[in-house]
Amino acid sequence: MSIEIKDVSKNFSTTQALSRVNLTFDNNKIYGLLGRNGAGKTTLLNIITNRIFADEGEVIVDGIPSKENDQALQKIYMMSEKNYYPTNMKIKEIFAWTKNFYQDFDMDYAKKLADLFDLNINKNVKSLSTGYTSIFKVIIALSVNTPYVLLDEPVLGLDANHRDIFYKLLIEKYSNFPCTIVISTHLIEEVSTVIEDVIIIRKGTIIKNQSREELLSQGYTISGKASSVDSFIVDKNVIGTETIGGLKSAFILGSINKETIPTDLEVTKLDLQKLFVQLTNA
Amino acid sequence: MQMNFNEERPIYIQISEGIEDAILSGAFQEESQIPSITELSVNYRINPATALKGINILVDEGNIYKKRGVGMFVAEGAVERLTFKRREKFYGNYIRNLVDEAKRLEITKDEIKTMIERGFEDEHRD
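**Regarding the nonpolar core**
Residue and element names in this part refer to chain A. Counting residues in hydrophobic clusters, the biggest one holds 88 residues, and the most contacted among them are Tyr31, Ala141, Leu150, Ile183 and Ile199. In terms of residue count, the dominant contributor to this core is helix H5 (residues 130-143) (eight residues). Ignoring sequence-local partners within four residues, the contact set of Tyr31 consists of Phe25, Ile181, Val182, Ile183, Ile195, Asp197 and Ile199.

Set out below in structure tokens:
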């Protein structure tokens, strides 16, 4: 049980959006698909769900090529950043409509979540604010019960309380009914504890694909007086630095030997956000 | 159980130490039930696999046991075992850092001794 992306490339006129992407989304894991704006995250998700087609390569869902195959597509729900729902429909009508295509959609649960988020399901989609448009789509994604759920920027416009509720619901849902969840986002700090595996995409190419813990254990941050940091990092694999006044932090890939670190320098772990910024700069 | 996931140690280690702290402080008594993996993950907003990895450290050391279909419980003797384990680590975790920092600040051995005395006397500190 998996979604396999094999050698997928996609061009939009002169820009290469995806370049020979190979990826596997395994059963019952939460993935973070991280990339800057325009890196190719949405293009990749759109190809998986057949909204657009790859120029080369293919997507295999549970062993079946997904291209124009409803059986494969019914296993995947994608919450898009864009709104593809008819805006003159009421939310409860869209719930019913979703139930027609995704038979395991849990109407009672969706209504319960709407209550929890204070969303009136008799409203039209077009009357919703940005935040509530996200909430309405999030509710469908949490209630749809497909083996694969793809979330493209799920917390767009949500306030801090609603984001907290969303992440907690997502974890609860995943614990009770395990499925494969792919969260595509550029808000890394928030998802970093939620995801198990990290995929970093940069200019259409996958540059990292491994467990969060493994990735973060591959390096460390060293900070202190700029001159001490500079002499410490000469022979190290430095992926980036930050300087504030006379203080400097350096992000280093490689294993750490605590004994060799001068006492005036402080070691902390890499955080995903910083690592991401360094890896996807320029 | 308070968690700060911005520190150096991996989250699963912090989860396991947080539960150890709760056992040592008596918040989780021996033979009492502890929160489930789902409760821990939802509460701290962490991946259930991470919570499980943290709990498994306690299970492997015999301080937590699982009852199928019921939940997870603090094992008998956990407080004693954890106390012993923490004592073993006390020098590395606290004394070495204390001495390093004291050296940076040029605090003498005698001054530290005085401060330790004060720490023991001052029962009402926060």
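Back to the write-up after that little detour.
**Notes on the pairing of strand E8 (residues 180-185) of chain A**
Residue and element names in this part refer to chain A. Of all six residues in E8, six are buried, a share of seventy percent or more. A two-sided burial pattern is seen for E8, the buried positions comprising Thr180, Val182 and Ser184 on one face and Ile181, Ile183 and Thr185 on the other. Pairing geometry for strand E7 (residues 148-152) and E8, over five bridges, is parallel. Bridge assignment links Leu150 to a residue of E8, and that residue is Val182. Crossover connection from E7 via helix H6 (residues 160-176) to parallel E8: handedness right-handed.

**Considering the domain arrangement of chain A**
A common way to report how large an interface is uses the accessible area buried once the components associate. All names here are of chain A. The domains assigned to chain A are domain 1 (2-214) and domain 2 (217-280). Relative to domain 2, the C-alpha centre of domain 1 lies at a distance of 35 Å. The interface is formed by 14 residues belonging to domain 1 together with seven residues belonging to domain 2. Only helix H7 (188-191), strand E9 (197-202), strand E10 (205-211) and helix H8 (212-216) provide two or more residues apiece to the side of domain 1 that touches domain 2. Of the residues assigned to the side of domain 1 that touches domain 2, the class counts are five nonpolar, two polar and seven charged.

**A short note on the interface of chain A and chain B**
Listed per partner, the contact involves 17 residues of chain A and 15 residues of chain B. Among the elements that line the side of chain A that touches chain B, the one with the most residues is H6(A), at seven residues. By residue class, the composition of the side of chain A that touches chain B is seven nonpolar, five polar and five charged.

**Concerning H5(A)**
All names here are of chain A. With 14 residues, H5 extends 20 Å between its outermost C-alpha atoms, agreeing within 8% with the 20 Å of an ideal straight helix rising 1.5 Å per residue. Of all 14 residues in H5, 11 are buried; the element is thus mostly enclosed. Within H5, the full set of buried residues consists of Tyr132, Ser134, Ile135, Phe136, Lys137, Val138, Ile139, Ile140, Ala141, Leu142 and Ser143. Here the buried face of H5 lies against strand E6 (76-79), helix H3 (91-101), helix H4 (107-116), E7 and H6. Backbone geometry just after H5 places Asn145 at a positive phi near 55°.

**Let's talk about the packing of H4(A) against H5(A)**
All names here are of chain A. Running from N to C, H4 and H5 cross one another at 145°; their axes reach a closest spacing of 9 Å. As for how H4 packs across H5, the hand of that crossing is right-handed. For the pair H4 and H5, contact is made by Tyr109, Ala110, Leu113 and Ala114 and by Ile139, Ile140, Leu142 and Ser143, respectively. When the residues that make up the contact of H4 with H5 are grouped by side-chain class, the tally is seven nonpolar, one polar and no charged.

**Observations regarding the environment of A:Ala110**
All names here are of chain A. Within the secondary structure, Ala110 sits in helix H4. Note: C-alpha distance between Ala110 and Ile181 (71 residues apart in sequence) is 18 Å. In this structure Ala110 touches Phe95, Ile139, Ile140 and Ser143, once residues within four positions along its chain are discounted.

**Things to note about the environment of A:Ser255**
On the secondary structure map, A:Ser255 appears in the loop between strand E13 (247-253) and strand E14 (266-269). A count of 9 C-beta atoms within 10 Å places A:Ser255 in the exposed class.

**Some points on the sheet that holds strand E5 (residues 64-65) of chain A**
Backbone hydrogen bonds hold the strands of a sheet together, and the pairing may be parallel or antiparallel. Residues and elements named next belong to chain A. Within the open sheet, the four strands sit side by side as E2-E1-E4-E5. Their pairing is antiparallel. Taken across any chain shown, the strands that pair with only one partner, and hence form the sheet edges, are strand E2 (15-26) and E5. Where strand E1 (residues 2-12) lies against E2, eight bridges are found, and the strand directions are antiparallel. Paired with Val8 across the strands is Val21, a residue of E2.

**A word on helix H1 (residues 41-48) of chain A**
With eight of eight residues buried, H1(A) lies mostly within the body of the structure. Among the residues making up H1(A), those that are buried are A:Lys41, A:Thr42, A:Thr43, A:Leu44, A:Leu45, A:Asn46, A:Ile47 and A:Ile48.

**Topic: unusual backbone geometry**
Although it is not a glycine, A:Arg20 adopts a positive phi angle of roughly 45°. If you trace the backbone, A:Arg20 turns up in strand E2. With 14 C-beta atoms packed within 10 Å, A:Arg20 lands in the partly exposed category. In this model, B:Glu31 sits at a positive phi of 70°, which is unusual for a non-glycine residue. Relative to the helices and strands, B:Glu31 is located in the loop between helix H1 (11-24) and strand E1 (33-34). Here B:Glu31 falls in the exposed class, since 11 other C-beta atoms lie within 10 Å of it.

**Looking at the environment of A:Glu213**
Residues and elements named next belong to chain A. The residue Glu213 is located in helix H8 in this model. On the basis of neighbour counts, which here come to 18 C-beta atoms within 10 Å, the residue Glu213 falls in the partly exposed class. For the pair Glu213 and Ala72, spaced 141 residues apart in sequence, the C-alpha to C-alpha distance is 32 Å.

Cut-offs used in this document
- Residues numbered from 1 in each chain as written.
- Chains lettered and ligands numbered in written order.
- Predicted model: local features only at pLDDT ≥ 70, side-chain atom pairs only at ≥ 80, totals over all residues.
- Core = buried A, V, L, I, M, F, W, Y, C linked by C-beta atoms within 7 Å.
- Buried ≥ 20, exposed ≤ 12 C-beta atoms within 10 Å, placed from the backbone.
- Helix = DSSP H or I, 4+ residues; strand = E, 2+ residues; numbered from the N terminus.
- Contact = placed C-beta atoms within 7 Å.
- Pairing = 2+ DSSP bridges.
- Right-handed = clockwise from strand over helix to strand, strands pointing away.
- Domains from an automatic or database assignment.
- Nonpolar A, V, L, I, M, F, W, Y, C, P; charged D, E, K, R; others polar.
- Expected span 1.5 Å × (residues − 1).
- Axes fitted to C-alpha atoms, helices over the stretch in contact; angles between N-to-C directions.
- Left-handed = near helix turned anticlockwise from the far one by under 90°.

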